[in-house]
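Read off the chains here:
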Amino acid sequence: MDPTGTCADSDIFKMQKEMKTYPRVLAIAGSDSGGGAGIQADIKAISATGSYAATAITAVTVQNTLGVQAIHDVPADIVRAQIEAVLAT
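Residues numbered from 1 in each chain as written. Predicted model: local features only at pLDDT ≥ 70, side-chain atom pairs only at ≥ 80, totals over all residues. Heavy atoms only, no water.

Focus: the overall build of the protein chain
Okay, so step 1: Helix and strand counts for the protein chain come out as three helices and three strands.
Okay, so step 2: Going from N to C terminus, the protein chain has its helices and strands arranged as α-β-α-β-β-α.
Okay, so step 3: Relative to its full complement of 89 residues, the protein chain shows a buried share of 18%.
Okay, so step 4: Long-range pairs, those at least 24 residues apart, make up 49% of the contacts in the protein chain with a sequence separation of at least 6.
Okay, so step 5: A total accessible area of about 6400 Å² is found for the protein chain, and carbon and sulfur atoms account for 61% of it. (Helix = DSSP H or I, 4+ residues; strand = E, 2+ residues; numbered from the N terminus. Buried < 20%, exposed > 50% of the residue type's maximum accessible area, 1.4 Å probe, protein only. Contact = heavy atoms within 4.5 Å. Areas by Shrake-Rupley, 256 points an atom, 1.4 Å probe, with all protein chains shown as cover.)

Printed below as a string of structure tokens:
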């Protein structure tokens, strides 16, 4: 950086080269409002491996440790669009 705090092009290149990159993992699953399963558990497991978790949500549930009270499916075209958006980056 120069004295004004501005990055020169060569500084930006050096920073990008030094930045750590993480493997990306796409999890496709339903959401568990209790947090013990589904996409929430997938994100925890993916993060624990040092990877970056991207997601596509297939359903939203109303549940706790006693059971599932309701399920709302995400329309297939929305799931598909989530996957395509993640894969496009």
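Don't stop here, the text continues.
A closer look at the sheet that holds strand β3 (residues 67-73)
Okay, so step 1: The three strands are arranged β1-β2-β3 in an open sheet whose pairing can be described as mixed. Among the strands making up the open sheet, the edge pair consists of β1 (24-31) and β3. Averaged over all adjacent pairs, the angle separating strand axes in this sheet is 35°, with direction ignored.
Okay, so step 2: Where β1 meets strand β2 (residues 52-64), seven bridges bridge the pair, whose relative direction is parallel. Following the sheet pairing, A27 is matched in β2 by T55. (Pairing = 2+ DSSP bridges. Axes fitted to C-alpha atoms, helices over the stretch in contact; angles between N-to-C directions.)

A closer look at the confidence of the model for the protein chain
Low-pLDDT portions of the prediction should not be read for the details of their coordinates.
Okay, so step 1: Looking at the protein chain as a whole, the pLDDT averages 87, with 79% of positions reaching at least 70.
Okay, so step 2: No element of the protein chain has a lower mean pLDDT than helix α1 (residues 9-18), at 64, and none a higher one than helix α3 (residues 76-87), at 97. (pLDDT = per-residue confidence, 0-100.)

Considering the pairing of β2
Okay, so step 1: This β-α-β element, β1 to helix α2 (residues 38-48) to β2, shows right-handed connectivity.
Okay, so step 2: Between the antiparallel neighbours β2 and β3 lie two residues. (Right-handed = clockwise from strand over helix to strand, strands pointing away.)

Quick look at the side chain of D32
Okay, so step 1: Secondary-structure assignment places D32 in the loop between β1 and α2.
Okay, so step 2: Notably, D32 is buried but unbridged: the nearest opposite-charge side chain belongs to K44, and the N-O separation is 7.9 Å.
Okay, so step 3: A distance of 2.8 Å separates a polar side-chain atom of D32 from the backbone nitrogen of G34.
Okay, so step 4: Among the polar contacts listed, one links the side chain of D32 to the backbone nitrogen of A37, at a separation of 2.6 Å.
Okay, so step 5: Contacts of D32, omitting those with residues within four sequence positions, involve A37, G38, Q40, T61 and Q63. (Lys, Arg positive; Asp, Glu negative; His and termini not counted. Salt bridge = Lys/Arg side-chain N within 4 Å of Asp/Glu carboxyl O. Polar contact = N/O pair within 3.5 Å; in protein donor to acceptor, adjacent residues only side chain to side chain.)

Regarding the pairing of β3
Okay, so step 1: The sheet contact formed by β2 and β3 spans six bridges and is antiparallel. Following the sheet pairing, V60 is matched in β3 by H72.

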